[in-house]
Amino acid sequence: MSDAKSYLGVPVLRPRVGFFELTSCEGCQLQLLNNEATLLDFLDLVEIVNFREGMKESGDNYRIAFVEGAVTRADEVERLREIRRNAEMVIALGSCACFGGVNQLKNRFNDPAWVKREVYGEYPIDSQAAVPLAAVIKVDLEIFGCPVKKEEVERIVTNLVLGKEVKHPKYPVCMECKAHENICLFDLGEPCLGPITRGGCDAWCPSNRLGCWGCRGPAPEANVDELRKIVARKNIPLERLLDRLECFGGFGGEADAVRKELGGLK
Amino acid sequence: MIFKVLAAGELEKFFELLVVNKLIGPVERGPAVDGRLLFDFAEVAEIAELRLDFTQTVHSAKKYLLPYLEETGVFVMEGSDWEKRVDYGAHQPLVLFGLHACDINALNKLDKVLLAEPYPNRFYGAKRAAMFIIGHSCRPTPACFCRSMGADSVRHGCDLFLTPLGDDYFVEIMSSRAFHIMESLDLREPTRRDHKRFQEQAKHRGNLLTAEVDATDLTKILDMEFDSTVWNEWGRRCLSCGTCAQVCPTCYCYGLEEVVALDLAKGAKIRQLYSCNLLDFAEVAGGYNFRPESRTRLKYRYYHKHRGFVEAFEEPLCVGCGRCGTNCLAGITVPEVIASVRRGEVENG
């Protein structure tokens, strides 16, 4: 691996980056290691000083911190604040870091003590409500997805290295789903959050015949009211929509409203 | 125009002559939950896969000319220098077998915009020139309003057009290429009875066209009703998802993005088919957005198709295929939107 990179003859600085995980499955980081075809190019573009899944060494001298996972413990709060002090730029990597992810499902129960007892029994453990990184520190950039899409992370990192603007699509998943010429899952009788969820995933799930669960959170203009009417017209129970709205935390507010109507928890 | 009659049994021979090329035709994609049988265009190798009895495909055939994503240029960097490579994407002739009148007329409309000097779209033009198109008479659905858009009949834009007449096909030969290919087939001259059967078929199709758009004075009415409150209701329903434009055979608007490969040694300019209903379609530098509300975006889609295009080309940028309405989850259909503008209110609003 060369230290000197250049783009059109202009020297490009390889930024020192660190990868960190809070409460998560570390699957987003695994995505980055998963594609051997581009892994060497990725490693050539940045200088990784911290990546538990990929290397033994660790250091605190990084400019960009990729943080995966939700914050669920007091020590994670401290660790995250330290990362923020060290890094010029903190990137929330994946839905747990952006919205609390699957972890925030536990917040949906009325009695957190009951949840803790059911999961951990009498084992003493610090486990608080799961919150996204932005509830604790300032986050500079969010990369959505459960897991993140490797190609998207690579494009974002390339743009960061070149000093180009990082832009997320503002259209919902339907746009890319139609570009794959999939049959709409509503036509096949399945619910799908594609019409309200931020695109950019290349319609990963619908292209594999799984309706969208909204892991990337709401598109900037998400017409949830209309989707509710559509789901009702298609005779899909509102509970099935609620399952999806509350799964990853991106639709927290909308899920709360639906749950209240159904007379459910909290 | 040259009219001939082809025995139905000869169709396979015709297919075999063409299938040495890449051949695209309608195929079945299974049933929807409401019982509708779904079709789409796909590559076909055997005549048995070809479903010429299809109603309407979910997606149009436009991707064979306007891919959803297309590299308009690849830049190979070497040191401080770079080289641009352009590939129009017309690597081989393409046979489109079984396009309905609406979809052929859609290509004719695209031609007017995309092949016009002084800035023709070479990517579209190269693919269009390398295309052999066989039209086929249709089975209208309740969503079809092609007749209202003047797109229910084909006058040009394909190489030949087939209309089944029981055991025979009525063949309209519309290009010299088609004439030469047909020479090796057993064709006969049509009789008066064939002409009659052809007209009966047309009448039968016409009777199935139940959806309608009253296009009388439509450009003027759209001008008058620019501030109509019906747009608020349609905007409230619109998901701003872009599905209507993606399935539309005539929507050609696009976005361009420059991307650099991970190794910094290559770049590309990528064209992505876009939709005026998407939130950032009219967003400009500085983050300003000319159409931040879904009601104005939806309105402009209608104004482009049924007003602006008509003023420029004397015809709407719509062939009445009904795909946008059929695939809109919110149930926004052209006949209902136009009727509501005329009425001044949305029914069941």
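Small disclaimer: the values here were computed from a predicted structure and weren't measured.

### Some remarks on the overall build of chain B
Alright, step 1. If you tally the helices and strands in chain B, you get 11 helices and 12 strands.
Alright, step 2. The globule rule puts the C-alpha radius of gyration for 349 residues at 20 Å, and the 22 Å found for chain B is close to it.
Alright, step 3. Each principal axis of the C-alpha atoms in chain B carries an extent, and together these give about 65 × 65 × 40 Å.
Alright, step 4. In chain B, which comprises 349 residues, the proportion classed as buried is 38%.
Alright, step 5. Restricting to contacts in chain B with at least 6 residues of sequence separation, those with at least 24 account for 73%.

### Side note on the interface of chain B and chain A
Alright, step 1. At the junction of the two partners, chain B supplies 33 residues and chain A supplies 33 residues.
Alright, step 2. Elements that contribute at least two residues to the side of chain B that touches chain A include exactly β3 (37-43), β4 (69-78), α8 (243-247) and β11 (254-260) of chain B.
Alright, step 3. Grouping the amino acids of the side of chain B that touches chain A by side-chain chemistry returns 19 nonpolar, nine polar and five charged.

### A short note on the packing of helix α9 (residues 238-245) of chain A against helix α10 (residues 252-261) of chain A
Residues and elements named next belong to chain A.
Alright, step 1. The N-to-C vectors of α9 and α10 enclose an angle of 150°; their axes lie 9 Å apart at closest approach. The pairing of α9 with α10 is recorded here as roughly antiparallel in orientation. When the axes of α9 and α10 are compared, the crossing they make is left-handed. The segment α9 lies against α10, with L238, L241, L242 and L245 engaging E254, A255, V258 and R259.
Alright, step 2. Taken together, the residues of the contact of α9 with α10 break down into six nonpolar, no polar and two charged.

### Thoughts on the nonpolar core
Alright, step 1. Counting 150 residues, the largest nonpolar core has A65(A), V67(A) and L96(B) as the members making the most contacts within it.
Alright, step 2. In terms of residue count, helix α2 (residues 101-114) of chain B provides more of this core than any other element does, six residues in total.
Alright, step 3. Beyond its immediate sequence surroundings of up to four residues, L96(B) is in contact with I24(B), A61(B), Y64(B), M131(B), I133(B) and I134(B).

### Describing the domain arrangement of chain A
Residues and elements named next belong to chain A.
Alright, step 1. Here the domain parsing of chain A yields domain 1 (5-162) and domain 2 (173-261).
Alright, step 2. Every contact between the two is made by 14 residues of domain 1 and, on the other side, 13 residues of domain 2.
Alright, step 3. No other element matches helix α4 (residues 95-99), which puts three residues into the side of domain 1 that touches domain 2.
Alright, step 4. Within the side of domain 1 that touches domain 2, the residues separate by chemical class into six nonpolar, five polar and three charged.

### Some thoughts on the domain arrangement of chain B
All names here are of chain B.
Alright, step 1. Domain assignment breaks chain B into domain 1 (2-66 + 85-208) and domain 2 (218-256 + 270-343).
Alright, step 2. Relative to domain 2, the C-alpha centre of domain 1 lies at a distance of 27 Å.
Alright, step 3. Across the boundary between the two partners, domain 1 contributes 24 residues, which contact 21 residues of domain 2.
Alright, step 4. Residue composition of the side of domain 1 that touches domain 2, grouped by class: 13 nonpolar, seven polar and four charged.

### Focus on the sheet that holds strand β5 (residues 64-68) of chain A
All names here are of chain A.
Alright, step 1. Sheet architecture is open: five strands sit in the order β4-β3-β5-β6-β7, paired in parallel fashion. Taken across any chain shown, the strands that pair with only one partner, and hence form the sheet edges, are β4 (47-51) and β7 (141-143). Between one strand axis and the next, the sheet turns by 20° as a mean value, whatever way the strands run.
Alright, step 2. Across five bridges, the pairing between β5 and strand β6 (residues 89-93) is parallel.

Cut-off values and rules
Residues numbered from 1 in each chain as written. Chains lettered and ligands numbered in written order. Predicted model: local features only at pLDDT ≥ 70, side-chain atom pairs only at ≥ 80, totals over all residues. Helix = DSSP H or I, 4+ residues; strand = E, 2+ residues; numbered from the N terminus. Rg over C-alpha atoms; globule rule 2.2 N^0.38 Å. Buried ≥ 20, exposed ≤ 12 C-beta atoms within 10 Å, placed from the backbone. Contact = placed C-beta atoms within 7 Å. Nonpolar A, V, L, I, M, F, W, Y, C, P; charged D, E, K, R; others polar. Axes fitted to C-alpha atoms, helices over the stretch in contact; angles between N-to-C directions. Parallel < 35°, antiparallel > 145°, perpendicular 65-115°, else oblique. Left-handed = near helix turned anticlockwise from the far one by under 90°. Core = buried A, V, L, I, M, F, W, Y, C linked by C-beta atoms within 7 Å. Domains from an automatic or database assignment. Pairing = 2+ DSSP bridges.

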